[in-house]
Amino acid sequence: MKSRLTLRFTVLVSALLQAASLSDAQSVYLPASHEAYSFLRRMETRDLLKEYRDAARPLSRRVIASHLKALEDEIARMTEIERDEYEFLKGEFHYELSSLAGDPEPSEIRWHLISTDFPGGILNFDLIGRLAQTNLEKDYARLRSQGARFYGYVFDDIGYYLNFVDNREVGKAINVSKVNTPDPGVILTKQTDDAIEYNTTEAQLTFHIGAFQFSLEKMQNQWGLGRRGQVAFSDKAPSYPQIKMRVPVTDWLDFIYLHAELNSSVLDSARSYQTHSSSLSDYYRPVDRLKYMAAHIVEFTPVRGVDISLGESVIYSDRGPLLIYLIPIMFFKSAEHYNQDKDNIQWFGNVDLNLIPNTNLYFSLFIDELNLDDILDPLKERNQLGLTVGVQTYDLPVKNLEFLAEYTRINPWAYTHKYTAANFTNNGYVLGHWIGQNADNLYLDLSYRPLRSLVFGTTVEVYRKGGLKDIAYQYRLPSQHFLYGPLHKERSFGLYAQYQFVRDGFLDARVRSRTLSDEALRIDKEKKLEWSVSVRYGIW
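Throughout what follows, the structure given in this document is the object of discussion. (Residues numbered from 1 in each chain as written. Predicted model: local features only at pLDDT ≥ 70, side-chain atom pairs only at ≥ 80, totals over all residues. Heavy atoms only, no water.)

Quick look at the pattern of salt bridges
Right, so step 1: Counted by the stated rule, this structure contains 31 salt bridges.
Right, so step 2: Taking the shortest distance from any N to any O, the salt bridge between Arg 42 and Glu 402 comes out at 3.0 Å. One end of the pair, Arg 42, is in helix H2 (residues 35–45); the other, Glu 402, is in strand E19 (residues 401–410), and 360 residues separate them in sequence. Accessibility classification places Arg 42 together with Glu 402 in one group, the buried group. (Salt bridge = Lys/Arg side-chain N within 4 Å of Asp/Glu carboxyl O. Helix = DSSP H or I, 4+ residues; strand = E, 2+ residues; numbered from the N terminus. Buried < 20%, exposed > 50% of the residue type's maximum accessible area, 1.4 Å probe, protein only.)

Let's talk about the nonpolar core
General note: in soluble globular proteins, nonpolar side chains tend to be found buried as a group.
Right, so step 1: Core analysis: the largest hydrophobic core is formed by 35 residues, its most contacted members being Trp 223, Phe 233, Met 293 and Leu 431.
Right, so step 2: Elements represented by at least two residues in this core include exactly strand E4 (139–154), strand E7 (195–209), strand E11 (253–261), strand E14 (291–303) and strand E21 (429–430).
Right, so step 3: For Trp 223, the contacting residues outside a window of four places in its chain are Ala 55, Ala 56, Arg 57, Gln 230, Ala 232, Phe 233, Ile 256, Leu 258, Ala 295, His 296, Ile 297 and Phe 348.
Right, so step 4: Counting residues in hydrophobic clusters, the runner-up holds 23 residues, among them Leu 290, Tyr 316, Ile 324 and Ile 345. (Core = buried A, V, L, I, M, F, W, Y, C linked by side-chain atoms within 4.5 Å. Contact = heavy atoms within 4.5 Å.)

A closer look at H2
Right, so step 1: Taking burial as the measure, the eleven residues of H2 include ten buried ones, the bulk of the element.
Right, so step 2: Asp 47 sits one or two residues past H2 and shows a positive phi near 65°.

A look at unusual backbone geometry
Right, so step 1: The step from Leu 396 to Pro 397 runs through a cis peptide bond, and the omega angle for that step is 0°.
Right, so step 2: Take Pro 397: it is sitting in the loop between strand E18 (384–394) and E19.
Right, so step 3: Even without being glycine, Asp 318 reaches a positive phi, approximately 75°.
Right, so step 4: In this structure, Asp 318 sits in the loop between strand E15 (306–317) and helix H6 (332–338).
Right, so step 5: The backbone of Leu 483 sits at a positive phi, close to 65°, despite the residue not being glycine.

A short note on the packing of aromatic side chains
Right, so step 1: Under the definition given, this model contains 16 aromatic pairs.
Right, so step 2: Centre to centre, the rings of Phe 212 and Phe 214 are 6.1 Å apart; their planes meet at 10°, and the pair counts as stacked.
Right, so step 3: Site record: aromatic cluster; members linked through ring pairs are Trp 223, Phe 233, Phe 348, Phe 366, Tyr 415 and Phe 424.
Right, so step 4: Directly above the aromatic system of Trp 540 lies the positively charged group of Arg 149, at a separation of 4.5 Å from the ring centroid.
Right, so step 5: Cation over ring: Arg 476 sits above Tyr 473, and NZ or CZ is 5.3 Å from the ring centre. (Phe/Tyr/Trp six-rings, centres within 6.5 Å; stacked < 30°, edge-to-face > 60°. Lys NZ or Arg CZ within 6 Å of the ring centre and 35° of its normal.)

As for the packing of H2 against helix H3 (residues 61–70)
Right, so step 1: Contact geometry for H2 and H3: axes closest at 11 Å, N-to-C directions at 35°. The chirality of how H2 crosses H3 is left-handed. Between H2 and H3, the residues in contact are Ala 36, Tyr 37, Phe 39 and Leu 40 and Ile 64, His 67 and Leu 68, respectively.
Right, so step 2: Class assignment for the residues of the contact of H2 with H3 results in six nonpolar, one polar and no charged. (Axes fitted to C-alpha atoms, helices over the stretch in contact; angles between N-to-C directions. Left-handed = near helix turned anticlockwise from the far one by under 90°. Nonpolar A, V, L, I, M, F, W, Y, C, P; charged D, E, K, R; others polar.)

What about a nonpolar patch on the surface?
Right, so step 1: A surface patch of nonpolar side chains, about 570 Å² in accessible area, is lined by Val 460, Phe 493, Leu 495, Val 511, Leu 529, Trp 531 and Val 533.
Right, so step 2: Considering every element that reaches the nonpolar patch, the biggest residue donor is strand E26 (residues 523–537), with three residues.
Right, so step 3: Looking at the secondary structure, you find Val 533 in strand E26. (Patch = residues over 30% accessible without salt bridge, like charges linked within 9 Å, V, L, I, M, F, W, Y side chains within 5 Å. Areas by Shrake-Rupley, 256 points an atom, 1.4 Å probe, with all protein chains shown as cover.)

Regarding the side chain of Gln 392
Right, so step 1: Relative to the helices and strands, Gln 392 is located in strand E18.
Right, so step 2: Looking at Gln 392, the relative accessible area reads 9%, which means it is buried.
Right, so step 3: Once residues lying within four places of it in the same chain are set aside, the contact partners of Gln 392 are Arg 41, Arg 227, Asn 358, Thr 359, Asn 360, Tyr 362, Glu 402, Phe 403 and Leu 404.

Structure follows, in structure tokens:
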């Protein structure tokens, strides 16, 4: 049965690749951390840009360029710094803008280490890297990263992208498991007492069939509106291989579907074995349980200034890929019933409001489990939810000033499941918000930008994380109360500055005072000063 389903999956992907010859456009997804997203979000909130939806990132470079093109008639309404940023981004997306304008031979004007014409396209290649140091009282952590990125288009129909970064951290202040931090999770390749090594790779191959954009990729998805993290899909877990379909159905509606292969980090004892390959040593081959995810989301704009998105995902394991989850418009909850409730379903939605001048209000909701009949009964309710509420203002009360206030709460048992291989995780890291279940976070950020390339800011953050009991309690009533112990609590106040000295080159400096309490470690209001500096090129 498994071999037949695998064959079907292979045939489907092969058919999509063979159909690429019908494509009439080239596209490459732009990583969700790029500065273009924050600029376009600002333009939408300032009522200079319409039909911009970013609850399901990344977007393609071509889509980003189309929004920049739509801003041409709004330059007079921009501030001086906004105009500088706009012209700067036009240089970044010159190739795509030329293509949209109908240029049969679009060209690149920004600098790359190597930029050369390809048959029916272009190749851009750059070396990238980063040096950073963080000091926490007397301890430190030093990071060195180096890698390369190339992307472009070929054969008139195909877009491609590869980004590889090799990392090494040394010092006594390393956060090896990346807990209690929004920093992305890592898969270690080497570890010693005071050093770790790991690498990250993102790759994509994209093509169009009419309005349908298909891709084979290993990329991060950020589905949600949170600035400090997303409750549905975030960049906390390592990126994963996936097939993706994106369809701009109309100017006011988009549909996105993906099917991904995840790492369960759960040993399959039935498939693991002794190799018997040596008479001197006994080698054991561990094999993890199979794990997959399917997800889809609809984004639409019913009226100008209001963007709404609704989505659904499923985690399934131990068999697959299953054909029923390869149907992009399938109702996954019904499919779970068809599979006799062996899987893990989630729903999520977002509301993005730009109705008040220079003010963006946004809401994200994640539903792991919800019993509507007993939603208000404290003895019977099972509200395993996640919620983000935020407001971001621009140029209030002075130009080039931004303010962000965001609160996120994740109830106990969200993201978890009685079948460990069906947890909402990849490689042991949660796919959703970095705070995980039974936690909340309040984040405030006030920043000022005197120049396009320079920004100063201050932050206040309050983060609380409760305990995690045996999984059996997830299915017992009454449910565990929010923030049941042992409780971990952090309060911090910070200052930061960022200077972009060349395109893709950034100098960052941060200082933060943190007060930590942890019931499990018997720490009470321990204060520490943390500062960091970094210089990076090509790493957004």
